[in-house]
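If you want the building blocks of each chain, they are given just below.
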Amino acid sequence: MIRKFSVLFCLFISLTSCIAGNEAKPPYFVPIEKVLTRTTGRYEKQKECISFSNPATAFGFVAPENEFYIWIEETSKDSLQCNWFVMELDYKLHDKIQLKPGKHMYKITVQKNQFIKLIKATEAFVGEVRIYGLQLHQPYVAQEFIISYQDDIQFIGNSITCGYGNMVSIQPPPAGNPLTGFHAANENAYQSYAMQTARLIDAEPTLVSFSGKGMYRNFDGDTNETLPKIYDRIHLQSKKSALWNHEWHAPEIIVINLGTNDYYGESQNKPLNDSVFVQTYIQFVDKLVVLYPTAKIICVNSPMLNDAWPAGKMCWSRLQESVKKVQQYFEAKGNRNIYRFSFASQTAPYGEDYHPSLATHTKMAEELSTFIQTVVNQ
């Protein structure tokens, strides 16, 4: 069962700044670290801000006023492909916020003392985001607040886990053409199967996912920047990224959804060596077991693969067999915390570039959450 407990935050009254012993005058700036009561996902503390890139990274705080502003910097310079946020209000979906290039203030209008949660809806390659703090009309007064803590579930994956193109619904040819290319506005990690699953089992999700990544090789055939090789980064898109401290959060459950991009090469006459794939998979799971020795790890197969395409390659069945071999390897060593689960191959309508639509993500979440509740957590 997913455990739940409460922590009482008894916070102090804080004036944002004083000059020569005199109280500062409005507007009042409060650094983001002073107001946060809950953070989820990977981030780093910089001198004046909190920086992050991964989808589903979230920051929660109590609204200090009915109307205030939040300072956010968007590093993407493409106004058409900037990051998006989802905002929860008292744990319910409330609004979406589209960022624009550069550092700007974004107006928040709510009821004072409501719990706000800002959740990054777009993935790391869209760009890094920096949050500096709040601009208020009155000196900041921290509130006593009871917040619920849940167990952590971590999802490791590719574009499917990110929610790539999941906010559109397109029929295949000749009625439609799902080959649209990527649009940040149509990616919503909040509505991905990963975050939907987390909500269904009352868990706090962390997503370590990036489009095009594979276990052994990526969508473009690259074997140097695969997900296992970038896993330790805070900013997955950056080779210069600081590394994440795995001791900060220890997930109770880990879901691995990789393999789609590894097997994509079969359609380009680039055969995948299944044995090498399995060995790479085992090495990655071994690493996770060392990092999180008590975690239950679920290895799943891709709903984007099927046995009909490319013809004769049987990619869906081969991936299932590979995942089975990974589980059997650990069972032979006495580790029964490694599970496997199979999503059915998706059907139309599709999201962008034949990715799962919202309807498919919802179905996936229902299936996976049932498996977790009836098998993994028993």
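The rules behind the values
Residues numbered from 1 in each chain as written. Predicted model: local features only at pLDDT ≥ 70, side-chain atom pairs only at ≥ 80, totals over all residues. Heavy atoms only, no water. Pairing = 2+ DSSP bridges. Helix = DSSP H or I, 4+ residues; strand = E, 2+ residues; numbered from the N terminus. Axes fitted to C-alpha atoms, helices over the stretch in contact; angles between N-to-C directions. Salt bridge = Lys/Arg side-chain N within 4 Å of Asp/Glu carboxyl O. Phe/Tyr/Trp six-rings, centres within 6.5 Å; stacked < 30°, edge-to-face > 60°. Buried < 20%, exposed > 50% of the residue type's maximum accessible area, 1.4 Å probe, protein only. Parallel < 35°, antiparallel > 145°, perpendicular 65-115°, else oblique. Left-handed = near helix turned anticlockwise from the far one by under 90°. Contact = heavy atoms within 4.5 Å. Nonpolar A, V, L, I, M, F, W, Y, C, P; charged D, E, K, R; others polar. Expected span 1.5 Å × (residues − 1). Polar contact = N/O pair within 3.5 Å; in protein donor to acceptor, adjacent residues only side chain to side chain. pLDDT = per-residue confidence, 0-100. Arc of directions from axis to C-beta.

Caption draft 1: Structural view of the sheet that holds strand 16 (residues 152–157). Taken in spatial order, the five strands line up as 17-16-18-19-20 in an open sheet, and their pairing is parallel. Of all the strands in the sheet, the pair left with one neighbour each is strand 17 (204–209) and strand 20 (338–341). For this sheet, the mean inter-axis angle between neighbouring strands, taken without regard to orientation, is 20 degrees. The pairing of strand 16 with strand 18 (residues 253–257) spans five bridges and is classified as parallel. Each residue of the ladder has a partner; that of Ile153, found in strand 18, is Ile253.

Caption draft 2: The arrangement of the pattern of salt bridges in detail. In the structure shown here, the tally under the stated rule is 13 salt bridges. The partner of Glu33 in a salt bridge is Lys45, with the nearest N and O atoms 3.5 Å apart. Residue Glu33 is located in helix 1 (residues 32–35), and its partner Lys45 is located in strand 6 (residues 44–45); the two are separated by twelve residues in the primary sequence. A salt bridge links Glu225 to Arg233, with the shortest nitrogen-to-oxygen separation between them at 2.9 Å. The network of salt bridges with common partners includes Arg38, Lys117, Asp152 and Glu204.

Caption draft 3: Representation of the packing of aromatic side chains in the model. According to the stated counting rule, one finds 22 aromatic pairs in the structure shown. A centroid spacing of 4.7 Å and a plane angle of 55 degrees characterise the contact between Phe52 and Phe59, whose relative ring orientation is tilted. Residue classification places Phe52 among the buried residues on the basis of a relative accessible area of 0%. Relative to Tyr264, the ring of Phe219 has its centre 4.2 Å away and its plane inclined at 20 degrees; by these criteria the two rings are stacked.

Caption draft 4: Expanded view of the packing of helix 6 (residues 274–291) against helix 7 (residues 315–332). Running from amino to carboxyl end, helix 6 crosses helix 7 at an angle of 45 degrees, the nearest separation of the two axes being 9 Å. Taken together, the axis directions place helix 6 and helix 7 in an arrangement best described as oblique. Along this stretch, helix 6 crosses helix 7, giving a crossing that reads as right-handed. On helix 7, the residues touching Asp274, Phe277, Val278, Tyr281, Ile282, Val285 and Asp286 of helix 6 are Arg318, Leu319, Ser322, Val323, Lys325, Val326, Tyr329 and Phe330. Across the contact of helix 6 with helix 7, the residue classes break down as ten nonpolar, one polar and four charged.

Caption draft 5: Representation of the sheet that holds strand 5 (residues 36–40) in the model. With antiparallel pairing, the five strands of this open sheet are ordered in space as 5-8-13-10-11. Two strands in the sheet have a free side with no partner beyond their single neighbour: strand 5 and strand 11 (92–98). Averaged over all pairs of adjacent strands, the angle between their axes in this sheet comes to 20 degrees, without regard to strand direction. One ladder, built from five bridges, connects strand 8 (residues 58–62) with strand 13 (residues 115–120); its direction is antiparallel.

Caption draft 6: Local environment of the packing of helix 3 (residues 193–200) against helix 8 (residues 358–376). Direction vectors running N to C along helix 3 and helix 8 enclose 45 degrees, while the axes themselves pass 8 Å from each other. What the angle tells us is that helix 3 and helix 8 run oblique. Crossing of helix 3 against helix 8: the hand is right-handed. For the pair helix 3 and helix 8, contact is made by Tyr193, Gln196, Thr197 and Leu200 and by Leu358, His361, Thr362, Met364, Ala365, Glu366, Leu368, Ser369, Ile372 and Gln373, respectively. Taken together, the residues of the contact of helix 3 with helix 8 sort by class into seven nonpolar, six polar and one charged.

Caption draft 7: Unusual backbone geometry, seen in detail. Residue Pro174 is bonded to the preceding Pro173 through a cis peptide linkage, with omega at 10 degrees. The residue Pro174 is located in the loop between helix 2 (159–162) and helix 3 in this model. The step from Ala348 to Pro349 runs through a cis peptide bond, and the omega angle for that step is 0 degrees. Note that Pro349 resides in the loop between strand 20 and helix 8. The phi angle at Met314 is positive, at roughly 50 degrees, despite the residue not being glycine.

Caption draft 8: Structural view of helix 6. Its 18 residues give helix 6 an end-to-end C-alpha distance of 26 Å, which sits within 8% of 26 Å, the value for a rise of 1.5 Å per residue. Taken together, the buried positions of helix 6 are Phe277, Val278, Thr280, Tyr281, Ile282, Phe284, Val285 and Leu288. Where helix 6 starts, the residue carrying a side-chain oxygen 3.0 Å from the main-chain nitrogen of Ser275 turns out to be Asn273.

Caption draft 9: A look at the confidence of the model for the protein chain. Taken residue by residue, the protein chain gives an average pLDDT of 92. The fraction at 70 or more is 92%. Every residue in residues 1–22 scores below 50 in pLDDT, and together they form 51 contacts with partners more than four places removed in sequence or on other chains.

Caption draft 10: Seen up close, helix 8. An ideal rise of 1.5 Å per residue puts 27 Å on 19 residues; helix 8 measures up with 25 Å between its terminal C-alpha atoms. Residues of helix 8 that are buried include every one of Thr360, His361, Met364, Ala365, Leu368, Ser369, Phe371, Ile372 and Val376, and no others. Buried residues of helix 8, viewed axially, fall in a sector of 160 degrees; they line one side. Residues of helix 8 that are buried in the fold lie against strand 16, helix 2, helix 3, strand 18, strand 19 (296–300) and strand 20.

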